[in-house]
Amino acid sequence: MKNRSMSRRDWMVRTGSAVAAGMLPPGGSSDLFILEEHRQQTPADPPDPIREKRLEWFHEAKYGLFIHWGLYAIPAGQWNGQRVPGLGEWIMYRTPVPVREYEKLASRFNPVKFNPDEWVKLAKDAGMKYIVITSKHHDGFAMFHSKVSSYNVVEATPFKRDVLKELAAACARENMRLGFYYSQSQDWHEPNGAGNNWDFGPDEKKDYDQYLRDKAEPQVRELLTGYGPVALIWFDTPRMMTGDRGQRFANIVRSLQPNTLIDGRLGTEGDYRSTGDNVIPGQVQGEAWETPATINHTWGYRADDTDWKAPGQITFKLVDIVSKGGNYLLNIGPMSDGVIPQASQDILRTVGLWLQINGEAVYGAGATPFGEELGEASPRRAKNVRGEPLVYSQTEWRVTAKAGRLYFTFFEEPRAAFPIPAMKNAVKRAYRLADRAPLKTKTENGRTTLEMDRPILDPMATVVVVEFEGNKVEPIR
Ligand code: JFZ
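This structure is a prediction, so every number in the text was calculated from the model and none was measured.

With that out of the way, let us pick up the overall build of the protein chain. Summing up its helical and strand segments, the protein chain has 14 helices and 19 strands in all. Counting only C-alpha atoms and orienting by the principal axes, one finds that the protein chain spans roughly 75 × 50 × 45 Å. Every one of the 477 residues in the protein chain was classed for burial, and the buried ones make up 57%. Here the analysis covers contacts within the protein chain between residues at least 6 apart in sequence; of these, 71% occur between residues at least 24 apart. For the protein chain, the exposed area adds up to about 20500 Å²; of that, 51% sits on carbon and sulfur atoms. On the protein chain, the mean spot of the 61 positive side-chain charges and the mean spot of the 60 negative ones are 2 Å from each other.

Right under this line is the structure:
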């Protein structure tokens, strides 16, 4: 396990989560300086058996649906007729909109077409195994009935329905795991929350602990008591999480629901690592990790962003992530009437059809035992924008693994017979996953090649199962 010997901070830097940790300004020029500074290694954390147990379902699941939904779906990227660039859910900050103005959106929030059963069905059709929804984003508006702040979907809107309660009930009916995104640090609605300097001045002058004790901590408690079993809490942008502040949240989670996972952006404790948004590491990572990703270029709905990722791209990213030991948390942004943009639904369902046939290569599958297929490091030792060694990634095929089996997913048709990477294990047989059609294999000097029919069965992605002697591959390097 390579990265057991890497400091948490170093990993965050390598995977872009340093911005999330509030260590780096997004896109700031000081990035590289900090990257160099933290390149040193620290001793490994010992694996924690209780954590490993908590993570079992997460490792099995691999693919989740992220939902960013809140008041920002109403302006949808425009304020007073002006286009506001950037992420849809950041419109209050980017404009910036004074609290008294932004609050008025609540009186217009009436998503009469919200149908939680349809949302859960979409996740199921898509082959996703968990849902994570924004319970309160940086704008401070709670999408649930909170007793500690009336700035919530039940008390401040004409809709008056507890969105999270209804979604939790729908998930329970369908055995879908549900987790909550909660912005613990930034709260632009509160005088003492982090982030809003246009109404409330600089963060350094705020009574931050007052906000934490009176709003954030009690709201996290509410989420963990009134909404059934919570799969995970997805904390984010840990600004000012110094001292015991992060630990106080961790204690709330652990004491109320010991099985609930904590993501990688609380600031202190976490059960798995979250990469930077849309960032997929170049190599296999030894510890549990997840890439949060957009399906277009925003999390919260923006009417002008229709630049969707194609089903083939999403399928590649999913298999690529699984082959490196991670999970893919892919986001959609519902509109203010409660409808999920049709194009994003269609894309998710297309990938879902592929998973119905090929899911065995994804769910519960482990990382590649090889790695040569991932790409090659720049011979001139160039670095990417995050300061990591630049890898020219190879995108033709990926490998995932289970006991006694390898799954080769081909995204391009191999031009000739395909040589299985060198391993000590003998190959027993090979077949296409989709239709179980056997493949001819040839073994010479201990190296086995696969002969594939042309054209390849599914031009988007075709999986070939290779069964081998023993449980675990022993690669020859
Ligand atoms: C955060 C939020 O600010 C954003 O609105 C969204 O909810 C997203 C999932 O998370 O944005 C981040 C956090 C971390 C990084 C980039 C954007 N990062 O580490 O690169």
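Next comes the rest of the account.
Turning to the sheet that holds strand E17 (residues 440–444), a few remarks are in order. Spatially, E15-E18-E17 is the arrangement adopted by the three strands of the open sheet, whose pairing is antiparallel. Either end of the sheet is taken by a strand with one partner, and the two such strands are strand E15 (418–419) and E17. As judged from the five bridges shared by E17 and strand E18 (residues 447–451), these two strands associate in the antiparallel manner. Paired with Lys 442 across the two strands is Thr 449, which belongs to E18.

The next thing to look at is the side chain of Thr 315. Position of Thr 315 relative to the elements: it lies in helix H13 (residues 311–323). Assessed through its relative accessible area of 1%, Thr 315 is described here as buried. Each residue touching Thr 315, except ones within four places of it in the same chain, is listed here: Val 351, Trp 354, Phe 411, Met 460 and Ala 461.

Here the focus is the pattern of salt bridges. Pairing of side chains with opposite charge becomes possible as their charged atoms draw close. Enumeration according to the criterion identifies 35 salt bridges in this entry. Residues Glu 217 and Arg 248 are paired through a salt bridge, measuring 2.9 Å at the closest nitrogen-oxygen approach. With Glu 217 in helix H11 (residues 208–225) and Arg 248 in helix H12 (residues 245–256), this pair connects stretches of sequence that are 31 residues apart. In this structure, Glu 217 and Arg 248 share a single accessibility class: buried. With its nearest N and O atoms 2.6 Å apart, the salt bridge here joins Arg 432 to Asp 435. For Arg 432, a relative accessible area of 13% corresponds to the buried category. Under the relative-accessibility criterion, Asp 435 is labelled partly exposed at 37%. Connected through salt bridges with shared partners, the residues Arg 51, Arg 54, Arg 254, Glu 269 and Asp 271 form a single ionic network.

Another point: the environment of Asn 471. For Asn 471, the position within the fold is in the segment after strand E19 (462–468). By relative accessible area, which is 58% here, Asn 471 ends up exposed. When neighbours within four sequence positions are excluded, Asn 471 is seen to be in contact with Lys 402, Ala 403 and Gly 404.

The residue Gln 257 is located in the loop between H12 and strand E7 (261–262) in this model. Sequence-wise, Gln 257 and Met 143 are 114 residues apart; in three dimensions their C-alpha atoms are separated by 21 Å. Excluding residues within four positions of it along the chain, Gln 257 makes contact with Leu 224, Gly 228, Pro 229 and Val 230. A polar contact of 3.0 Å, which involves the side chain of Gln 257, links it to the backbone oxygen of Gly 228.

Turning next to the nonpolar core. Judged by nonpolar contacts, the single largest core of 95 residues is most densely connected at Tyr 63, Tyr 102 and Leu 348. In terms of residue count, H11 provides more of this core than any other element does, seven residues in total. Filtering out sequence-adjacent residues up to four positions away, Tyr 63 remains in contact with Ala 126, Gly 127, Met 128, Lys 129, Tyr 130, Ile 314, Leu 318, Tyr 328, Leu 330, Leu 348, Val 351 and Leu 355. Residues Phe 370, Ile 456, Val 464 and Val 473 belong to the second largest nonpolar core, which totals 20 residues.

A few words now on the sheet that holds strand E16 (residues 427–432). An order of E13-E14-E19-E16 is seen for the four strands of this open sheet, with the pairing classed as antiparallel. Lying at the two open borders of the sheet, with one neighbouring strand each, are strand E13 (397–402) and E16. Pairwise comparison of adjacent strand axes, ignoring direction, gives a mean angle of 20° for this sheet. Alignment of E13 against strand E14 (residues 405–410), held across six bridges, turns out to be antiparallel. Residue pairing for E14: Trp 397 is matched across the bridge by Phe 410. Seen against the sheet, H13 touches E13 and E14 and runs at an angle of roughly 50° to E13.

Looking now at the packing of aromatic side chains. Inspection of every chain in the model, using the stated rule, returns 31 aromatic pairs. Centre to centre, the rings of Trp 90 and Trp 188 are 5.1 Å apart; their planes meet at 65°, and the pair counts as edge-to-face. Of this pair, Trp 90 sits in the loop between strand E3 (82–83) and helix H6 (91–94) while Trp 188 sits in the loop between strand E5 (177–182) and helix H10 (197–200); the two residues are 98 residues apart in sequence, bridging distant segments of the chain. The burial state of Trp 90 is the same as that of Trp 188; both residues are buried. Aromatic ring contacts, followed pair by pair, group Trp 69, Phe 109, Phe 114, Trp 119 and Phe 159 into a single cluster. One Lys or Arg, Lys 129, reaches over the ring of Tyr 363 and ends 4.4 Å from the middle of that ring.

Moving on, we get to H13. With 13 residues, H13 extends 18 Å between its outermost C-alpha atoms, agreeing within 8% with the 18 Å of an ideal straight helix rising 1.5 Å per residue. Burial analysis of H13 places ten of its 13 residues in the buried class, which makes it a mostly covered element. Among the residues making up H13, those that are buried are Pro 311, Ile 314, Thr 315, Phe 316, Leu 318, Val 319, Asp 320, Ile 321, Val 322 and Ser 323. Summarising the contacts, the buried residues of H13 are in contact with strand E1 (63–67), strand E9 (289–293), strand E10 (327–332), helix H14 (342–358), E13 and E14.

Basis of the calculations
Residues numbered from 1 in each chain as written. Predicted model: local features only at pLDDT ≥ 70, side-chain atom pairs only at ≥ 80, totals over all residues. Heavy atoms only, no water. Helix = DSSP H or I, 4+ residues; strand = E, 2+ residues; numbered from the N terminus. Buried < 20%, exposed > 50% of the residue type's maximum accessible area, 1.4 Å probe, protein only. Contact = heavy atoms within 4.5 Å. Areas by Shrake-Rupley, 256 points an atom, 1.4 Å probe, with all protein chains shown as cover. Lys, Arg positive; Asp, Glu negative; His and termini not counted. Charge placed at Lys NZ, Arg CZ, Asp CG, Glu CD. Pairing = 2+ DSSP bridges. Salt bridge = Lys/Arg side-chain N within 4 Å of Asp/Glu carboxyl O. Polar contact = N/O pair within 3.5 Å; in protein donor to acceptor, adjacent residues only side chain to side chain. Core = buried A, V, L, I, M, F, W, Y, C linked by side-chain atoms within 4.5 Å. Axes fitted to C-alpha atoms, helices over the stretch in contact; angles between N-to-C directions. Phe/Tyr/Trp six-rings, centres within 6.5 Å; stacked < 30°, edge-to-face > 60°. Lys NZ or Arg CZ within 6 Å of the ring centre and 35° of its normal. Expected span 1.5 Å × (residues − 1).

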